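Chain and residue survey
Okay, here's what each chain looks like letter by letter:
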Amino acid sequence: MSYDYAIDVAHLTFAHQPDTEPSLIDLNLSLTSGSRTILVGANGAGKSTLLQILAGKRLTPTGSKVLINGRDVFRGSPEGVTFLGTEWAMNPVVRGDIVVSHFLDSVGGYRHKERRDRLLDILDVDLDWHMHQISDGERRRVQLVMGLMAPWDVLLLDEVTVDLDVLVRDDLLSFLKEESMTRGATILYATHIFDGLNDFPTEIAHMRFGQFVSAPQKWISSGPMDNVKSPVPSASGSTLHALALQWLQEDRDYRRELERKGRKMRGKRLNETVPSDSETFFRKYDYSN
């Protein structure tokens, strides 16, 4: 089947509950094969929801188009899609007393021995580790080996490198970049860690309140190619890091302006009266009874 985009989303509006405010609003996204796109946005911008929908974990509403390699992500079950998120490491099953080598074999590691062994070296994983005895960062490395050892066409990453040390993370990003360049694999990566990412993406995108403020646009290591202000590089030398700071500051300023106009405020509550005598205060906040 021929298709124009590896990821093709049009008019996607999604709410977690029928009577709640949508998490995604009329979202459009088109990414070509081999692209590496970084999603930038504050917590609650809709990044994780978008990635979960692309992974087929949520039913998309009628009227929206959500395709991967030309197939509907929920009804068409496209092959070659890998989603890796942070919730995996909290699953009690993967915290049980099982040896890493047995765990990987149980999900088909022996079928992909060459790629598995390369990832074991990149992520510095010991096959004799017991899953219930290792740290969160080490458990995350096992997750990445498990998720990446079978060849994938589209990789959806949701904050999955948060537990990795800087050396392992850099080696992993080099591997992912090589995969996209040599195999034409597509990567969509939501993260809040931008140090060391300057040379990784081919595109960057900015999400705010379930919409794209800046749709995916070409990125080169010296900065964006389209009409986006390119700030002075930060002390770390990462222009992407500085641009993300700029965008997130704009997001917070935008939200606070909405709050001044009547949107529910975050932070301290204005005009809230607190009891002045101790008995009334502790009665109000005592949850022991």
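As shown above, the structure is provided for reference.
Everything numeric here is computed off the predicted structure, so don't read it as measured data.

The strands that make up a sheet pair up through hydrogen bonds in the backbone, lying either parallel or antiparallel. Spatially, β2-β1-β4-β5 is the arrangement adopted by the four strands of the open sheet, whose pairing is antiparallel. At either end of the open sheet lies a strand with only one pairing partner, and these are β2 (24-31) and β5 (71-72). By the bridge criterion, five bridges tie strand β1 (residues 7-14) to β2 in an arrangement that is antiparallel. Across the sheet, residue I7 finds its bridge partner in β2, namely L31. Contacts from helix α1 (residues 47-54) reach β1, β2 and β4 (65-68), with the element oriented near 120 degrees to β1.

What follows covers helix α3 (residues 113-122). Within α3, burial applies to R115, R116, L119, L120 and I122. Buried residues in α3, looked at end-on, bunch into an arc of 165 degrees, giving them a common side. Those residues of α3 that are exposed and aimed more than 90 degrees away from the buried face are E114 and D121. Against the buried residues of α3 lie α2 (100-106), α4 (136-148) and α5 (166-183). Just past α3, the residue D124 takes up positive phi, approximately 55 degrees.

Core analysis: the largest hydrophobic core is formed by 43 residues, its most contacted members being L123, V142, L148 and L176. Of all elements in the fold, only β3 (36-40), α2, α3, α4, β7 (154-158), α5, β8 (186-190) and α6 (239-260) reach the threshold of two or more residues within this core. Element by element, the count of residues in this core is highest for α5, at five residues. Composition of this core by domain shows at least three residues from each of domain 1 (1-80 + 153-224 + 232-266) and domain 2 (91-150). Beyond its immediate sequence surroundings of up to four residues, L148 is in contact with L84, R115, L119, L155, L172, F175 and L176.

Before going further, it helps to spend a moment on the packing of aromatic side chains. On inspection of all chains with the given rule, the structure shows two aromatic pairs. Centre to centre, the rings of Y189 and F200 are 6.3 Å apart; their planes meet at 85 degrees, and the pair counts as edge-to-face. With Y189 in strand β8 and F200 in the loop between β8 and β9 (203-208), this residue pair connects regions lying 11 residues apart in the sequence. Each of the two residues, Y189 as well as F200, counts as buried. Sitting over the ring of W152, R183 keeps its end group 5.3 Å from the ring centre.

Cut-off values and rules
Throughout this description, residue numbers start from 1 for each chain and increase along the sequence as written. Reporting of local features is limited, given that this is a predicted model, to residues whose pLDDT is at least 70; pairs of side-chain atoms are given and counted only at 80 or more, and all residues count toward the totals for whole chains, interfaces and linings. Side-chain numbers come from the whole structure's heavy atoms, not from hydrogens or water. Strands are labelled as partners when DSSP assigns at least two bridges between them. By the criteria applied, helices consist of DSSP H or I runs no shorter than four residues and strands consist of E runs no shorter than two, each listed in order from the N terminus. Working rule for contacts: check all heavy atoms of both residues, and any pair within 4.5 Å makes them a contact. Between the N-to-C directions of two axes lies an angle of 0 to 180 degrees, each axis being a line fitted to C-alpha atoms and, for a helix, fitted only over the stretch in contact. Exposure classes here rest on a 1.4 Å probe applied to the protein chains alone. A residue is buried below 20% of its type maximum, exposed above 50%, and partly exposed in between. The reported arc concerns the directions from the helix axis to the C-beta atoms and nothing else. In this description, a nonpolar core means a group of buried Ala, Val, Leu, Ile, Met, Phe, Trp, Tyr and Cys residues linked to one another through side-chain atoms lying within 4.5 Å. Residue ranges assigned to the domains are those given by an automatic or database domain assignment. Two aromatic rings from Phe, Tyr or Trp, using only the six-membered ring of Trp, form a pair when their centres are within 6.5 Å; if the ring planes differ by under 30 degrees the pair is stacked, by over 60 it is edge-to-face, and anything between is tilted. Criterion for a charge above a ring: Arg CZ or Lys NZ at most 6 Å from the ring centre, at most 35 degrees from the ring normal.

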